[in-house]
Amino acid sequence: PYVINPSGAPAGAASEVNAAFEAWDATTSAELFNDNPIIDTNSWWGKLDGKNNISWQVISGGGIIAGTWIWYHDNDNSGNMSPGDEIIETDIVFNASQKWGIDPDGEGTTYKLRNMFDVCNIATHEVGHVVALGDLYDAKYSEITMYGYSSKSETKKISLEVGDINGTKTLYG
């Protein structure tokens, strides 16, 4: 289950976030995420509180678009997240100091969203971290969702590519 706090987000953002979670759910036979998120304007990211929170808040420090925090039990005491560890909670924050919108034609070629980050595009990438996939920075991966860079008006990360899907299937079947 997850909780969305749409305060500070554009109208319709909760539906776009839900679509991002469902894109990952569709890649595997496992039901990774609840289909009906809770909307709670008092739920915030960044603390271990028993809720998987998604919210919009100002993040200082320059060009950060969004971030994902993962709390887990380090079952092998490796100091890093590794196979066999158990995720206990995740939070996603969208930087409220950035401009956000929803491109009405999705991944079409007529971009109507200008000078803003697309909620679903960034949410789909961040949910990939919740699934336990990391960022990819080699330019040869620039077309897949887990590529670690984005730009305003970009919508290509709304759908998952072969590398995204294969990573999820490797982890969850």
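Draft legend 1. Just the sheet that holds strand β4 (residues 66-73), in detail. Taking strand neighbours across the sheet as the criterion, the five strands line up as β2-β1-β3-β5-β4 in an open arrangement whose pairing is mixed. Either end of the sheet is taken by a strand with one partner, and the two such strands are β2 (38-39) and β4. Examined bridge by bridge, strand β3 (residues 53-57) and strand β5 (residues 86-95) share five bridges and lie parallel to one another. By the bridge assignment for β5, Ile 54 is matched with Ile 92. Contacts from helix α1 (residues 13-25) reach β1 (3-5), β2, β3 and β5 within the one sheet, and its direction differs from that of β3 by about 135°. Of the strands in this sheet, β3, β4 and β5 touch helix α2 (residues 119-130), which is tilted by about 160° from β5.

Draft legend 2. Representation of helix α3 (residues 162-172). Taken residue by residue, α3 has Asp 164, Gly 167 and Thr 168 as its buried positions. One side of α3 carries all its buried residues, which in axial view fall inside an arc of 95°. Relative to its buried face, α3 has exposed residues pointing more than 90 degrees away, namely Val 162 and Thr 170. The inward-facing, buried residues of α3 abut α1. Looking one or two places after α3, you find Gly 173, whose phi comes out positive at around 85°.

What counts, and where the lines are drawn
Residues numbered from 1 in each chain as written. Predicted model: local features only at pLDDT ≥ 70, side-chain atom pairs only at ≥ 80, totals over all residues. Heavy atoms only, no water. Pairing = 2+ DSSP bridges. Helix = DSSP H or I, 4+ residues; strand = E, 2+ residues; numbered from the N terminus. Contact = heavy atoms within 4.5 Å. Axes fitted to C-alpha atoms, helices over the stretch in contact; angles between N-to-C directions. Buried < 20%, exposed > 50% of the residue type's maximum accessible area, 1.4 Å probe, protein only. Arc of directions from axis to C-beta.

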